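# Per-entry structural report
Each chain, written out:
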Amino acid sequence: MSKSALVISGGGSKGAFAGGVAQYLIEKEKQDYDILIGTSTGSLLVSHLAANKISAIKHAFTHVTQASIFSNNPFIIKQKGKAFKTKINHFNVIKNFILGKKTFGESLNLRQLLAKEISHSLFKEIQKSSKEVVVCVSNFTLNKIEYKSISDCSYDDFIDWIWISCNYLPFMSMVVKNRYEYADGGFGCIVAIEEAIKRGANHIDAIVLTTQNQQTNRMRSRNAFDLLLSTFDFMGDQIYLDNLKVGELLAKKHNVKLRMFYTPRVLTTNSLVFDQQEMEQWWEEGRNYPQNTLKNNR
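Within each chain, residues carry numbers counting from 1 in the order of the written sequence. Only residues with pLDDT of at least 70 are given local features in this predicted model, and only at 80 or more are side-chain atom pairs given and counted; all residues enter the totals for whole chains, interfaces and linings. No hydrogens and no water enter the side-chain calculation; it runs on all heavy atoms of the structure.

Across its 12 residues, helix α8 (residues 155–166) extends 17 Å between first and last C-alpha, which sits within 8% of the 16 Å expected from 1.5 Å per residue. We call a residue buried when its accessible area falls under 20% of the maximum for its residue type, exposed when it is over 50%, and partly exposed in between, using a 1.4 Å probe and counting protein chains only. Secondary structure elements follow DSSP: runs of H or I no shorter than four residues count as helices, runs of E no shorter than two count as strands, and numbering proceeds from the N terminus. The element α8 is extensively covered by neighbouring structure, given that 10 of its 12 residues are classed as buried. Given a helix with a known number of residues, its expected span is that number minus one, times 1.5 Å.

In structure tokens form, the structure reads like this:
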């Protein structure tokens, strides 16, 4: 039986670009995916995409702000022209430690936003369909990656898993669920091509929220906060490369048609900054991008 899958990688605010690419594939190419797998920011998109609620997720995603996500924001973000500069908010970080938290910030507002944007009726609609919607999370207690399917979850559990998949430590919440500590799925698997193949997909469209070849050199770290961000970026890049290498090898081995959609340029060097104007631009850029890419590959 033929199955098609849409896989969306992690990438913070760059998920707006992925939303635009997915919109083109679903509306223009008429792709009807059987399996949709999201990691981190990708997990925010897959439910609405499975139900073809594209305008709703576009509005929700491109209107996200720092306040929509953080109940305690560890960042101070200042805009100079078109550039954003990020510093650590020492007061909020110290407050979190005084309260006995394990992370610099808290993302409880994102959990509330997810419950608002993903309704019970949408959840039931997807469950009743033949669509397999899956999100990737990292189990820090068991030191492994887990994939949570909507078909196996209650409503509240599935909202929790999406929230957990987005919780980028140490800047967002560490969540204890079922006695295990969980966080962002991107710590182990940023683009889940291998999982899509394991679930029987023989056609996969993977949206990878980075450039195909490195196009930027990181600036020297100015402080410990900058160094921490650079460290996680470096590790994330290596996980991306490993995921893609394994995915491509497995696709070749199992005769799976694999199409990769990368960002054509460096969208941002800090994907934890959520700016409405930028994200609306990235969505439109993503929606227009596949047409030329697919045309050039024919």
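Okay, back to it.
The subject of this paragraph is the packing of helix α2 (residues 41–50) against α8. In this description, a line fitted to the C-alpha atoms serves as the axis of each element, helices being fitted only across the stretch in contact, and the angle between N-to-C directions of two axes falls anywhere from 0 to 180 degrees. It is the contact of α2 with α8, at a shortest axis distance of 7 Å, that shows an interaxial angle of 145°. On the side of α2, the interface is formed by T41, S43, L44 and S47, while α8 contributes F158, I162, S165 and C166. Of the residues in the contact of α2 with α8, the class split is 4 nonpolar, 4 polar and no charged. We call two residues in contact when some of their heavy atoms are within 4.5 Å. For this scheme, ten residues count as nonpolar: Ala, Val, Leu, Ile, Met, Phe, Trp, Tyr, Cys and Pro. Four count as charged, namely Asp, Glu, Lys and Arg, and the remainder, Gly too, count as polar.

Ring geometry is summarised as follows: Phe, Tyr and Trp rings, the Trp one being its six-membered ring, pair when their centres sit within 6.5 Å, and such pairs are stacked at plane angles under 30 degrees, edge-to-face over 60 and tilted between the two. Across all of its chains, the model carries 15 aromatic pairs by this definition. Centre to centre, the rings of F70 and F75 are 5.8 Å apart; their planes meet at 80°, and the pair counts as edge-to-face. The class of F75 is buried, set by a relative accessible area of 5%. With a centroid separation of 5.4 Å and 35° between ring planes, the pair formed by F75 and F171 is classed as tilted. One end of the pair, F75, is in strand β3 (residues 75–80); the other, F171, is in the loop between α8 and β7 (175–177), with 96 residues separating them in the sequence. The rings of F70, F75, F97, F104, F140, Y168, F171, F187 and F232 are connected pair by pair, giving a single aromatic cluster. Over the face of the ring belonging to W161 we find K148, whose NZ or CZ atom lies 4.4 Å from the ring centre. Ring-over charges, as used throughout, are those where CZ of Arg or NZ of Lys falls within 6 Å of the ring centre and within 35 degrees of the ring normal. Positioned over the ring face of W161 is K177, at 5.5 Å from the centre of the ring.

Here we take up the pairing of strand β8 (residues 180–184). Here strand β5 (residues 132–139) pairs with β8 via 3 bridges, running antiparallel. What sits directly across from V137, in β8, is D184. In this scheme, strands are said to pair when DSSP sees at least two bridges between them. Relative to β8, β7 runs antiparallel, the two being bridged by 3 bridges. Bridge pairing in β8 links V176 to E181. Linkage of β7 to β8, two consecutive antiparallel strands, is achieved through a turn of 2 residues, within which N178 is found at a positive phi near 55°.

Attention now goes to the side chain of Q66. Within the fold, Q66 resides in helix α4 (residues 66–69). Look at Q66 and you get buried, because its relative accessible area is 14%. Here a polar contact means two N or O atoms within 3.5 Å. Within protein one must be a hydrogen donor candidate and the other an acceptor candidate, and residues neighboring in sequence count only if both atoms are side-chain atoms. A polar contact of 3.3 Å, which involves the side chain of Q66, links it to the backbone oxygen of L272. Leaving out residues up to four positions away in the same chain, Q66 has contacts with N73, I77, L272, V273 and F274.

So, on to the environment of K128. Mapping K128 onto the fold places it in helix α7 (residues 120–128). On the accessibility criterion, K128 (74% relative accessible area) is exposed. For the pair K128 and S151, spaced 23 residues apart in sequence, the C-alpha separation works out to 8.8 Å.

Among buried residues, those of type Ala, Val, Leu, Ile, Met, Phe, Trp, Tyr and Cys that are joined through side-chain atoms within 4.5 Å constitute a nonpolar core. Residues L6, L49, F171 and I204 are the most contacted members of the largest nonpolar core, which totals 88 residues. Apart from the residues lying within four places of it in its own chain, the contact partners of L6 are A22, L25, Y33, I35, L36, I37, L49, D205 and I207.

This part is about the environment of Y180. Mapped onto the elements of the fold, Y180 is located in strand β8. Residues Y180 and N243 lie 63 residues apart in sequence; the distance between their C-alpha atoms is 25 Å. Residue contacts for Y180: discarding those within four places in its chain leaves N139, T141, L142 and V175.

Below, the discussion takes up the pattern of salt bridges. What counts as a salt bridge is simple: a side-chain nitrogen of Lys or Arg found within 4 Å of a carboxyl oxygen of Asp or Glu. Scanning the model with the defined rule gives 15 salt bridges in all. Residue E132 pairs with R199 through a salt bridge whose shortest N-O separation is 2.4 Å. Note that E132 is positioned in strand β5 and R199 in the loop between α9 (193–198) and β9 (203–208), a separation of 67 residues in sequence. Linked through salt bridges whose partners overlap, the residues forming this network are R111, D157, D160 and K177.

Shape descriptors only; they carry no functional weight alone.
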